[in-house]
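Close look at the chain arrangement
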Amino acid sequence: MQAIYLIRVGELALKGDNRSFFEKKLKQNIRKNLGVKGCRVLNRQGRFYVEAPEEHAPQVERALAHTFGIVSYSRASRVQKDMQVIRRTAMKLIQELYPQRQEPLSFKIEARRTDKSFPLNSYQIACDLGDLLREEFSFLRVDVHRPELKIFIEIREEAFLYGGLKAGLGGLPVGSAGRGMLMLSGGIDSPVAGYMMAKRGLKLDFIYFHTYPYTSEEALDKVKHLSEILGTYCNGGTLFVVPFTEVQLEINRKVKPEEITLVMRAAMVKIAAMAAESRGAGALITGEALSQVASQTIQSISFTGSATELPIFRPLIGLDKEEIIRLAREIETFETSILPYDDCCTIFSSEHPLLRPDRRYMWKLWEEIGIEELLAEAFHKSQGFYVDPIEGISEHSS
C-alpha cells in the first residue's frame, strides 16, 4: 500500500519567473531528507506530492516536518474522479477520524476543482459532501466560519481527500539563497541564529573553536550534537573544528585582560572567513544580540565585524534572551546547549572587558601582536566532520 502526502508551499508561489528554481530546490531537499528508498516526490500543477510505501510513512512525516519551504502537509486519500467514490471515501475518513464520537463537532468542506471538465464546480462539490456527512453522522454540524474540522477535496488529475493540516516550517528551501558559515559556539544563541538563516534559504556549514585542554571533549561532543540537530533542518553540512589553543594563549600573552575577548572574537571571524572561502560561502552567521554581553555592544560589533569583508548575518540582533530561549526549545537545541561544558569564550573572558573599544586603536593593537600566520595555521589544522541529515556526523578531511 502506498501512502501519499500533499504539500503546500507559501513564498514559492510568489517567485514569478524564478519559481521553478525554488521548486527544484525544494524537491531536492525533500528527497535528501527522506533518506529511504521507494519514495517519489512529484510536482504537478503547482502542488507537491510524496508517494511512499506505507511502512515509510513515519520517515516521510519526519522529513516534511523538517524541510524549509513547506507551509503545511497532509496525508491524503487518492481516488477516482467519481462522486460516488468520493462520497464513500469522505464517509470512511470521518469514521477513521472519529470512530466513537458523540459530542457535537463543527465542520466545513473546502473543495477545489482545477479540472474544469469535472461536472460539479467547487461550490457544488462542497454542498454535496457537506449534506451527505451531516446526514450520515449525527454529531456533525456545519460551520463555514470557525469549524473545528476541515475536510479538503481537490479535483486534479485524480481526486484527493484529506482532513486536517500539519504545519510545516515555512520559509524558503535551503540552498536557494546561497551558503553561509555559522559560528557555532555551543551556547543557546548560535544554533537559533543558524536555524533562522536556514529558514531564509541559506545552506549552512559550521565552525567551532576548540581550546583543548581548557575546553573538554564533552564540550566538543555538545557542538557535534548541535550540528546534527541543525543538520536535520538544513540538509546536513560540514563542521570545522579549529584547534584554537595556541591562538588563544598567544592573545592572552600579548594583550591586556580587558582586550582579550575582542581580539579573540576578531581572530575567530578571520578564521571563519577562511573556512567560508573554502566552502564557497558568501556570509558568516553569528548568534549576537545587541548589548547582551560586552562583545555585543555597537562598538564591539563594529570592530569584530570589520575583521572580514564578508557580510555577517545576525538574525538575533533585536531579540531578548527569553525570545531566543523559546526558539531554542522549539527547534530542540536548548537542552543540549545548556549542558555545563564551557567554551573558549567563557574560559578566557575577563571580568571587566572593554565595552566601547576604539576601532582604530584595536586594529593598531592587532598589527602589533602579529598573529595572522598563527590563524592560518590553526585553520589548516582544523578537523572536518560531515553532518548528514539522516545518519548524523562522521569524520572527513577538511
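Right above here is the structure, for reference.
Small disclaimer: the values here were computed from a predicted structure and weren't measured. (Residues numbered from 1 in each chain as written. Predicted model: local features only at pLDDT ≥ 70, side-chain atom pairs only at ≥ 80, totals over all residues. Heavy atoms only, no water.)

**Considering the packing of helix α5 (residues 189-199) against helix α10 (residues 321-330)**
It is at 9 Å that the axes of α5 and α10 come closest, and there the two elements cross at 70°. One way to sum up the angle between α5 and α10 is to call them roughly perpendicular. Crossing of α5 over α10 shows left-handed handedness. Residues Asp189, Val192 and Met196 of α5 pack against Lys321, Ile324, Leu327 and Ala328 of α10. Partitioned by chemical class, the residues of the contact of α5 with α10 number 5 nonpolar, no polar and 2 charged. (Axes fitted to C-alpha atoms, helices over the stretch in contact; angles between N-to-C directions. Helix = DSSP H or I, 4+ residues; strand = E, 2+ residues; numbered from the N terminus. Parallel < 35°, antiparallel > 145°, perpendicular 65-115°, else oblique. Left-handed = near helix turned anticlockwise from the far one by under 90°. Contact = heavy atoms within 4.5 Å. Nonpolar A, V, L, I, M, F, W, Y, C, P; charged D, E, K, R; others polar.)

**Focus: the pattern of salt bridges**
Applying the stated criterion to the full structure yields 24 salt bridges. As a salt-bridge pair, Arg19 and Glu23 come within 2.7 Å of each other at their nearest N and O atoms. On the criterion of helical spacing, the pair formed by Arg19 and Glu23 is a turn pair, its members being 4 residues apart in helix α1 (residues 19-34). For Glu23, a relative accessible area of 13% translates into the label buried. (Salt bridge = Lys/Arg side-chain N within 4 Å of Asp/Glu carboxyl O. Buried < 20%, exposed > 50% of the residue type's maximum accessible area, 1.4 Å probe, protein only.)

**Remarks on the packing of aromatic side chains**
Counted according to the given criterion, the structure contains 12 aromatic pairs. An aromatic cluster is present here, built from Phe68, Tyr195 and Tyr233 joined pairwise through their rings. One Lys or Arg, Arg329, reaches over the ring of Phe334 and ends 4.1 Å from the middle of that ring. (Phe/Tyr/Trp six-rings, centres within 6.5 Å; stacked < 30°, edge-to-face > 60°. Lys NZ or Arg CZ within 6 Å of the ring centre and 35° of its normal.)

**Description of helix α9 (residues 298-305)**
An α-helix turns once per 3.6 residues; consequently, residues spaced three or four apart project the same way. Turning to α9, its buried residues number three or more, namely Ser300, Ile301, Phe303, Thr304 and Gly305. Its buried side turned inward, α9 meets α8 (260-279), β14 (312-313) and α13 (359-369).

**Considerations on the nonpolar core**
Note that soluble globular proteins tend to have their nonpolar side chains buried in a common cluster. One finds Ile207, Ile251 and Ile271 to be the most contacted residues of the largest nonpolar core, which totals 37 residues. Within the residue set of this core, elements represented by two or more residues are β10 (179-183), β11 (203-210), β12 (237-243), α7 (245-254), α8, α13 and α14 (372-380). Ranked by the residues each element gives to this core, the list is headed by α8, at 12 residues. Aside from chain neighbours lying at most four places away, what touches Ile271 is Ile207, Phe209, Val242, Phe244, Leu375, Ala378 and Phe379. In terms of nonpolar packing, the next biggest core, distinct from the first, is built from 36 residues, Ala193, Tyr195, Ala219 and Ile229 among them. (Core = buried A, V, L, I, M, F, W, Y, C linked by side-chain atoms within 4.5 Å.)

**Thoughts on the side chain of Arg156**
Among the secondary structure elements, Arg156 is positioned in the loop between β7 (149-155) and β8 (159-163). Owing to a relative accessible area of 3%, Arg156 belongs among the buried residues under this scheme. At 2.7 Å, the side chain of Arg156 forms a polar contact with the side chain of Glu154. Ignoring anything within four residues of it in the chain, the contact list for Arg156 reads Arg44, Gln45, Arg47, Tyr49, Lys81, Arg112, Thr114 and Asp115. (Polar contact = N/O pair within 3.5 Å; in protein donor to acceptor, adjacent residues only side chain to side chain.)

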